[in-house]
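# Examining the three-dimensional arrangement
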Amino acid sequence: MSTINNRFRRLRSGAVIRDLTAETTLSVKDLIYPIFVIEGTGITEEIESMPGIFRYSADRLDPLITRVTEAGISSVLLFGIPEKKDAVGSESCNPDGVLAQAIRRIKELSPELLVIADICLCEYTDHGHCGLVDGEHILNDETLPLLGKMAVTAVRAGADMVAPSDMMDGDVTVIRHALDEEGYEQTPIMGYSAKFASGYYSPFRDAAESAPGFGDRRSYQMDIRNGREAIRELNNDIEMGADIIMVKPALAYLDIVKEARNRFLHPIAVYNVSGEYAMVKAAARAGYIDEERIIMENMIAMKRAGADIIITYHALEVAEYLS
Ligand code: PBG
Ligand code: ZN
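None of the values given here were measured: they were computed from a predicted structure.

## What about the coordination of the zinc ion (ligand 2)?
- Note on the zinc ion (ligand 2): its protein donors are Cys 120 (SG), Cys 122 (SG) and Cys 130 (SG). The metal-donor distances range over 2.2 to 2.3 Å.
- Here the zinc ion (ligand 2) is ringed by four donor atoms whose angles at the metal span 100 to 120 degrees, and the overall shape comes out tetrahedral.
- One chain supplies every donor to the zinc ion (ligand 2), and in sequence these donors are spaced C-x1-C-x7-C. As far as burial versus exposure is concerned, Cys 120 and Cys 122 are alike and both buried.

This is how it looks when you write it as C-alpha cells:
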C-alpha cells in the first residue's frame, strides 16, 4: 500500500481534467490593443524594435481596425504622434489634431470598438517630458489643466475612456472635474496609477518619438524599488475617482499586481509594455524560445497575479492563439 496521500498528478492526467481544474482563464475580452497614430497621410511604418507594430496615419487605419474587430478584440488604446511639437504640447488639445482625427476615424470604422485615449503631453512637447517644464524642473500643478483639456478634447472627438499616463499628482481629480463639467460624467478614467520609471519603455519612446530631451522621468514616475509606495499610488487614484487602476510595467511588477488584487476591489489593468514585447520578439527571432508558448505563459502569469485587463502589443497574436 502506498504511503503517498497527496497525489497531485491525479488532476494532471489529461487535458480535460486539467481544464476542469484550471484556476486561471484568459479571454480575448481581457485584452486592450495599443495603436500609434501619426500625423500625415499614407503612412504605415514598422517600429524597428517592435516587429509587427506600426505607426499608422489616420487614413491607413482601416485594415488594422478590421483585423482587430475580426479577432474579437473589443478595446484599443490610442497614442497620437503630432507633426508639430512645442514647449506646452499645444497639439494635444487640437480638436482637429492627430489624436482627435484618429478617434473619429476609428469610431467611423467600428462604432462598437471601445476607444481609449492615452492622456499625456510627452508625445506633444518638444522637450519630450510629460508635463510643462521650467528649466530642468517638471511642473506639476501647471500641467494639470492641460491634461483636463486634452481629455475633454479626446472625449469630444468620440473617445469612450481616457487613460492619464502623466504621473502628475492630482491628475485624475482634475480630469474628472473637466469631464464632468462638460457633461461627460459617464466617461470612465483608467489611471496609470503605479507607473514606474522603467527601462522597459525605450522601444515605445522610439515608436512615439517621445524620449525626454533632457534628464529622465524619475522626478515623476515611480522609483523601481518601491512596492509600498505603489499601493499608496493605487489607493490615491481610487480616492481621486479612477474607475480602473493600472500597474505598469507588468512582468517585473507582478508582486504589485498581486498585492493590489488582495487590497482593492477595482478592476486592475496591467500594461505589458514595449520592452517586454521587444524582448520576446527578439528571442523568438533568434530561435531561442517558442514564441507562442512564451507569449501565452506571460499572459497567464499576469492574469494569475490578479489582473483583469491586459494592455498588450501581443493582442492580435493572443487572439489568434485563443481561437
Ligand atoms: C507616455 C507613455 C509611455 C508609455 C505609455 N504612455 C512612455 C513613457 O512614460 O516614457 C509606455 C508604454 C510602453 O513602453 O509600451 N507617458
Ligand atoms: Zn508621458
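## A closer look at helix H8 (residues 254-263)
- When we look at burial in H8, the residues that qualify are Leu 254, Ile 256, Val 257 and Ala 260. For H8, the angular spread of the buried residues around the axis is 150 degrees, confining them to a single face. Opposite the packed face of H8, turned more than 90 degrees from it, sit the exposed residues Asp 255, Asn 262 and Arg 263.
- Buried residues along H8 sit against helix H7 (228-239), strand E10 (244-248), strand E11 (268-272) and helix H10 (291-305).

## Comments concerning a negative patch on the surface
- Together, Asp 134, Asp 141, Glu 142 and Asp 169 line one region of the surface with negative charge.
- Among the structural elements, Asp 141 can be located in the loop between strand E7 (137-138) and helix H4 (144-157).

## A closer look at the site of ligand 1
- Around ligand 1 sit 19 residues, and of these Lys 195, Arg 205, Lys 248, Ser 274 and Tyr 313 come closest.
- Note that a nitrogen atom of ligand 1 is positioned 3.0 Å from one of the side-chain N or O atoms of Ser 165.
- Ser 274 places a polar side-chain atom, nitrogen or oxygen, 2.7 Å from an oxygen atom of ligand 1.
- When isolated, ligand 1 has an accessible area of 400 Å², and the protein chains bury 100% of it.
- Across the shell around ligand 1, the residue classes tally to ten nonpolar, three polar and six charged.

## Some thoughts on the packing of aromatic side chains
- Inspection of the entire model under this criterion finds nine aromatic pairs.
- Considering the side-chain rings of Tyr 277 and Tyr 313, the 5.8 Å spacing of their centres and the 65 degrees angle between planes classify their relative orientation as edge-to-face. In this pair, Tyr 277 is assigned in helix H9 (residues 274-285) and Tyr 313 in the loop between strand E12 (309-312) and helix H11 (315-322), connecting sequence segments 36 residues apart. Accessibility assignment for this pair places Tyr 277 and Tyr 313 in one class, buried.

## Some points on the side chain of Ser 274
- The topology assignment puts Ser 274 in helix H9.
- Leave out the neighbours within four places in its chain, and Ser 274 touches Met 50, Tyr 200, Tyr 201, Ser 202, Pro 203, Phe 204 and Tyr 313.

## Thoughts on the pattern of salt bridges
- Tallying each qualifying case throughout the model produces 15 salt bridges.
- Here Asp 62 and Arg 105 are joined by a salt bridge, their closest N and O atoms 3.9 Å apart. With Asp 62 in helix H2 (residues 62-70) and Arg 105 in helix H3 (residues 98-109), this residue pair connects regions lying 43 residues apart in the sequence.
- Residue classification places Arg 105 among the partly exposed positions, given a relative accessible area of 24%.
- We note a salt bridge from Asp 180 to Arg 176, for which the minimum N-O separation is 3.0 Å.

## Some thoughts on the packing of H4 against helix H5 (residues 171-181)
- Contact pair H4 / H5: the axes reach a minimum separation of 8 Å and the direction vectors enclose 45 degrees. Taken as axis vectors, H4 and H5 run oblique relative to one another. Helix-helix and strand crossings are classified by hand; for H4 and H5 the assignment is right-handed. Contacts between H4 and H5 involve Leu 144, Pro 145, Leu 147, Gly 148, Ala 151, Val 152 and Val 155 from the first element and Asp 171, Val 174, Ile 175, Ala 178 and Leu 179 from the second.
- For the contact of H4 with H5, the per-class residue count stands at ten nonpolar, one polar and one charged.

## Comments concerning the environment of Pro 111
- Within the secondary structure layout, Pro 111 lies in the loop between H3 and strand E5 (114-119).
- Separated by 96 residues in the primary sequence, Pro 111 and Ala 15 have C-alpha atoms spaced 39 Å apart.

## Topic: H4
- Relative to the 20 Å expected for 14 residues at 1.5 Å per residue, H4 spans 20 Å between its end C-alpha atoms, a close match to the ideal helical length.
- With respect to burial, H4 is a largely interior element, ten of its 14 residues being buried.
- Residues of H4 that are buried include every one of Leu 144, Leu 147, Gly 148, Met 150, Ala 151, Val 152, Thr 153, Ala 154, Val 155 and Ala 157, and no others.
- For H4, the elements touching its buried residues are H3, E5, strand E8 (161-164) and H5.

Criteria and thresholds
- Residues numbered from 1 in each chain as written.
- Chains lettered and ligands numbered in written order.
- Predicted model: local features only at pLDDT ≥ 70, side-chain atom pairs only at ≥ 80, totals over all residues.
- Heavy atoms only, no water.
- Donors = N, O, S within 2.8 Å, 3.2 Å for Na, K, Ca; no water.
- Tetrahedral: all angles 85-135°; square planar, octahedral: opposite > 155°, others 65-115°.
- Buried < 20%, exposed > 50% of the residue type's maximum accessible area, 1.4 Å probe, protein only.
- Helix = DSSP H or I, 4+ residues; strand = E, 2+ residues; numbered from the N terminus.
- Arc of directions from axis to C-beta.
- Contact = heavy atoms within 4.5 Å.
- Patch = residues over 30% accessible without salt bridge, like charges linked within 9 Å, V, L, I, M, F, W, Y side chains within 5 Å.
- Areas by Shrake-Rupley, 256 points an atom, 1.4 Å probe, with all protein chains shown as cover.
- Salt bridge = Lys/Arg side-chain N within 4 Å of Asp/Glu carboxyl O.
- Lys, Arg positive; Asp, Glu negative; His and termini not counted.
- Charge placed at Lys NZ, Arg CZ, Asp CG, Glu CD.
- Near = heavy atom within 4 Å.
- Polar contact = N/O pair within 3.5 Å; in protein donor to acceptor, adjacent residues only side chain to side chain.
- Nonpolar A, V, L, I, M, F, W, Y, C, P; charged D, E, K, R; others polar.
- Phe/Tyr/Trp six-rings, centres within 6.5 Å; stacked < 30°, edge-to-face > 60°.
- Axes fitted to C-alpha atoms, helices over the stretch in contact; angles between N-to-C directions.
- Parallel < 35°, antiparallel > 145°, perpendicular 65-115°, else oblique.
- Left-handed = near helix turned anticlockwise from the far one by under 90°.
- Expected span 1.5 Å × (residues − 1).

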